[in-house]
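Read off the chains here:
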Amino acid sequence: MKIYRAKDYNDMSRKAANIISAQIIMKPNCVLGLATGSTPIGAYKQLVEWYRKGDLDFSEVTTVNLDEYKGLTPDNEQSYYYFMNENLFSKVNIDKNRTYLPDGMEENSEVACQRYNEIIHSLGGIDLQLLGLGHNGHIGFNEPGIAFEKETHCVSLSSRTIKANMRFFLSEEHVPRQAYTMGIKTIMSAHKILVVVSGEDKADIVRQAFFGPVTPPIPASILQLHNDVTIVADEAALSKCTDVEF
Ligand code: GLP
C-alpha cells in the first residue's frame, strides 16, 4: 500500500487525476473502474480540464462504475448514471457505449447482478479501480459485515449510509433502501486500486481501515491485502495517523 499525503482536497484531486491520466496515457484502451460520492468530483473536474486542453483522450477508454441505486431512473438527478454523465461522460470524448453502470431499473436483482458480472468479465478485468471511502468503511456499497468473496450483488443500505447520503436527496425517505454494487471480490480483482479520501470526518476510518486488522466489519480493510493499492489522502483525513509510518 502506498499512501500519498495531499495538502488539501484540491491537492488530493490533482494527485488522483494525475494517476488516472497516467493510466490512460500508458494504456489508451484501458478499463477504468469509477466511483461516485463527493470525494472524486475534484479529480473528475481536473481530468475534464486536461481533456479540454488536449492533454487527454478518452476515445478508447471503457468504464465500469462501482454501484447504482436500485429503483432510480437514469434521468433521476440522484442516480449514479446521472452523476457520471454530469461530472465526466458528457464532458469528454468517451464513447457512451463503453460506459457501464449496474442497471438500477432492473427489478430482478439476480438478473441485474449477473448481467453486470458478465460485462466486467467480458472486458477482461479492470485496469484501475477508483474508490472513495464511506464513514463506516464501506467501499462501493459493500457495507460492514459483507462477505469478502462476493461479486456484484444487491445490498440493503445501512442506516448510517442512508443518513450520510441523504444530503443529496430531498429528505431521508427519498434515499433508496437498496443498491447494486460490485462486490469485494470484483474490486480486489482490479489490477490497480486508487483510493481517494478527504476530510477530518474520515480520519478515524482511515486509521481503522488501513492500519487496523483486516476484518469484514471494516470492508475497506481488505485493501491491505491487494498488491497494488495507492491511497491519496489529504492531511485532515490522515490526522489520526501521525504516529504510524508510511
Ligand atoms: C457512497 C458511495 C461510495 C462512496 C461513499 C463515500 O455511499 N456508494 O462509492 O465512496 O459514499 O462518499 P463521499 O465521497 O461523498 O464521502
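Presented here is an overview of the structure given in this document. This structure is a prediction, so every number in the text was calculated from the model and none was measured.

With that settled, the discussion passes to the overall build of the protein chain. Counting secondary structure elements, the protein chain contains seven helices and 10 strands. Radius of gyration (C-alpha) of the protein chain: 17 Å, near the 18 Å computed for a compact globule of 246 residues. Expressed as lengths along the three principal axes of its C-alpha atoms, the size of the protein chain is roughly 45 × 45 × 35 Å. Across the 246 residues of the protein chain, 52% fall into the buried class.

The subject of this paragraph is the sheet that holds strand E4 (residues 67-69). Taken in spatial order, the three strands make up an open sheet running E4-E8-E7, and their pairing is antiparallel. Strands with a single pairing partner mark the edges of an open sheet, and in this sheet they are E4 and strand E7 (153-156). The mean angle between the axes of side-by-side strands here comes to 25°, regardless of whether they run parallel or antiparallel. As paired elements, E4 and strand E8 (residues 178-181) share three bridges and run antiparallel to each other. If you follow Glu68 over to E8, its bridge partner there is Tyr180.

Here the focus is the nonpolar core. The biggest cluster of nonpolar side chains holds 72 residues, and the ones touching the most others in it are Leu47, Leu88, Ile139, Val195 and Leu223. The residues touching Leu47, leaving out its near neighbours within four places in the chain, are Ala17, Ile20, Ser21, Leu56, Phe58 and Leu88.

What follows deals with the sheet that holds strand E2 (residues 31-34). Taken in spatial order, the seven strands of this open sheet run E1-E10-E9-E6-E2-E3-E5, and their pairing is parallel. Across the chains shown, the open sheet's two edge strands, defined by having one partner strand only, are strand E1 (2-6) and strand E5 (99-100). Of the strand pairs in this sheet, strand E3 (residues 62-65) and E5 are connected by two bridges, and their pairing is parallel. Considered in E5, the bridge of Val64 is made with Tyr100. Against the sheet, helix H1 (residues 9-26) touches E1, E2, strand E6 (128-131), strand E9 (192-197) and strand E10 (229-234), its axis set at about 165° to E9.

This next bit is on helix H3 (residues 80-87). Here H3 has its buried residues at Tyr80, Phe83, Met84, Asn85 and Asn87. Against E2, helix H2 (41-52), E3, E4 and helix H5 (159-165) lie the buried residues of H3.

One pass over the full model with this rule turns up nine salt bridges. Residue Lys163 pairs with Glu172 through a salt bridge whose shortest N-O separation is 3.7 Å. Classification of Glu172 by relative accessible area gives partly exposed; the value is 25%. The partner of Asp204 in a salt bridge is Lys240, and the shortest N-O contact between them spans 3.2 Å. Highlighted residues: Asp204 in helix H7 (residues 203-211) and Lys240 in the segment after E10, separated in sequence by 36 residues. Connected through shared salt-bridge partners, Asp11, Arg14 and Lys15 make up one network.

Each pocket or cavity is described by its volume, and for the largest pocket that value is around 450 Å³. Looking at the largest pocket, it is lined by 28 residues, and the ones nearest its centre are Gly37, Leu133, Gly134, His138 and Lys202. Broken down by element, the lining of the largest pocket gets its largest block of residues, four residues, from H5. For the lining of the largest pocket, the per-class residue count stands at 10 nonpolar, 13 polar and five charged. Space inside the second largest pocket adds up to approximately 170 Å³. Every element with two or more residues in the lining of the second largest pocket is listed here: H3 and E5.

If you trace the backbone, Val214 turns up in the loop between H7 and E10. With 10 residues separating them along the chain, Val214 and Gln224 place their C-alpha atoms 7.2 Å apart. Beyond its immediate sequence surroundings of up to four residues, Val214 is in contact with Phe148, Ser221, Ile222, Gln224 and Leu225.

Taking 1.5 Å per residue as the helical rise, H1 with its 18 residues ought to reach 26 Å, and the 26 Å between its terminal C-alpha atoms agrees with that figure. Structurally, H1 contributes buried residues whose contacts are with E1, E2, H2, E6, E9 and E10.

Around the ligand, the structure places 13 residues, and the nearest of them are Ser38, Thr39, Asp67, Arg167 and Lys202. Gly140 is positioned with one of its backbone polar atoms (N or O) 3.3 Å from a nitrogen atom of the ligand. The side chain of Lys202 places a nitrogen or oxygen atom 2.7 Å from an oxygen atom of the ligand. The protein chains hide 97% of the 390 Å² of surface that the ligand would expose on its own. For the ligand, the cavity whose grid points lie within 2 Å of the majority of its atoms is the largest pocket. Residues of the shell around the ligand, tallied by class, amount to three nonpolar, seven polar and three charged.

Conventions adopted
- Residues numbered from 1 in each chain as written.
- Predicted model: local features only at pLDDT ≥ 70, side-chain atom pairs only at ≥ 80, totals over all residues.
- Heavy atoms only, no water.
- Helix = DSSP H or I, 4+ residues; strand = E, 2+ residues; numbered from the N terminus.
- Rg over C-alpha atoms; globule rule 2.2 N^0.38 Å.
- Buried < 20%, exposed > 50% of the residue type's maximum accessible area, 1.4 Å probe, protein only.
- Pairing = 2+ DSSP bridges.
- Axes fitted to C-alpha atoms, helices over the stretch in contact; angles between N-to-C directions.
- Core = buried A, V, L, I, M, F, W, Y, C linked by side-chain atoms within 4.5 Å.
- Contact = heavy atoms within 4.5 Å.
- Salt bridge = Lys/Arg side-chain N within 4 Å of Asp/Glu carboxyl O.
- 1 Å grid on protein atoms, 1.4 Å probe; cavity = no way out; pocket = protein on both sides within 12 Å on 5 of 7 lines; lining within 4 Å.
- Points joined across faces, edges and corners; volume = space filled by probe spheres on them.
- Nonpolar A, V, L, I, M, F, W, Y, C, P; charged D, E, K, R; others polar.
- Expected span 1.5 Å × (residues − 1).
- Near = heavy atom within 4 Å.
- Polar contact = N/O pair within 3.5 Å; in protein donor to acceptor, adjacent residues only side chain to side chain.
- Areas by Shrake-Rupley, 256 points an atom, 1.4 Å probe, with all protein chains shown as cover.
- Sits in = over half its atoms within 2 Å of the grid points.

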